[in-house]
Each structure stands twice: as structure tokens, then as C-alpha cells.
Amino acid sequence: MASDQERIRERIKELLKKPGNGNCADCGVADPEWASYTLGVFVCHSCSGLHRNIAQISKVKSLLLDPWSSSELENQEAETSLLAALRTPLV
């Protein structure tokens, strides 16, 4: 039986497969390993440090090393979906 953290990690992996999530939202490098769960974006290690400096706006976690709560994951999913909708052409 999978633990809560294992299920959360699987959901994060699924989010990474969605268009636009496979690259750092800031610099574009492939395979981001961090996320700003308040902004709903995935970022690389270098850019995660920048996000830590704006903690009043962006809270970051490692995708693999940090434990995630269900509410943090839900916020990441909601924000990621909103950003994907904004990137989708209307016509």
C-alpha cells in the first residue's frame, strides 16, 4: 500500500508531464526539480534560490526531497491548470 507521500509524488510526476511543466518557468532549463507551490510553477535548482528570496510571494519545495501536504499539492495542481489555460490559444 502506497503512503500519502508516495501518492503525492506520483501526482507531481503526472503534473510534470503536462505541456509547459517540463521546463523551468523562469529560465527554461529542462527537468525542473523544484516547485513554487504558491505560484504553481516548476523551477530549476538555481531559480529556486531566487524564489526563496521572495518568500512573501513564492514558497518553494523540492519535488523529491521535501514532504508535501495534500493542500500544497492541490494548490500546485490548481495554479498549474490555470497557467496552462492561460497559455492555450483562444482560437
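All of these numbers come straight from a predicted model, not from anything done at the bench.

1. So, the sheet that holds strand β3 (residues 60-62)
If you trace the 3 strands from one edge of the open sheet to the other, you get β2-β1-β3, paired in antiparallel fashion. On the outer flanks of this sheet lie β2 (41-43) and β3, each paired with one strand and no other. Direction aside, the axes of adjacent strands within the sheet are offset by 30 degrees on average. When strand β1 (residues 34-36) meets β2, the two strands line up antiparallel, connected through 3 bridges. Looking across to β2, one finds that Ser36 is bridged to Val41.

2. Some remarks on the environment of Arg7
Along the chain, Arg7 falls in helix α1 (residues 4-17). Linking Arg7 and Ser70, residues 63 residues apart in sequence, is a C-alpha distance of 9.8 Å.

3. Examining the nonpolar core
Among the nonpolar cores identified, the biggest contains 9 residues, and these are Ile8, Ile12, Leu15, Ala35, Tyr37, Phe42, Leu63, Trp68 and Leu73. At 3 residues, α1 tops the list of elements feeding residues into this core. Leave out the neighbours within four places in its chain, and Ala35 touches Val41, Phe42, Val43, Lys59, Val60, Lys61, Leu63, Trp68 and Gln76. Formed by 6 residues, the second largest nonpolar core is a distinct cluster that contains Cys24, Trp34, Val41 and Val43.

Calculation rules
- Residues numbered from 1 in each chain as written.
- Predicted model: local features only at pLDDT ≥ 70, side-chain atom pairs only at ≥ 80, totals over all residues.
- Heavy atoms only, no water.
- Pairing = 2+ DSSP bridges.
- Helix = DSSP H or I, 4+ residues; strand = E, 2+ residues; numbered from the N terminus.
- Axes fitted to C-alpha atoms, helices over the stretch in contact; angles between N-to-C directions.
- Core = buried A, V, L, I, M, F, W, Y, C linked by side-chain atoms within 4.5 Å.
- Buried < 20%, exposed > 50% of the residue type's maximum accessible area, 1.4 Å probe, protein only.
- Contact = heavy atoms within 4.5 Å.

Everything listed here is a matter of coordinates, which is why it stays silent on function.
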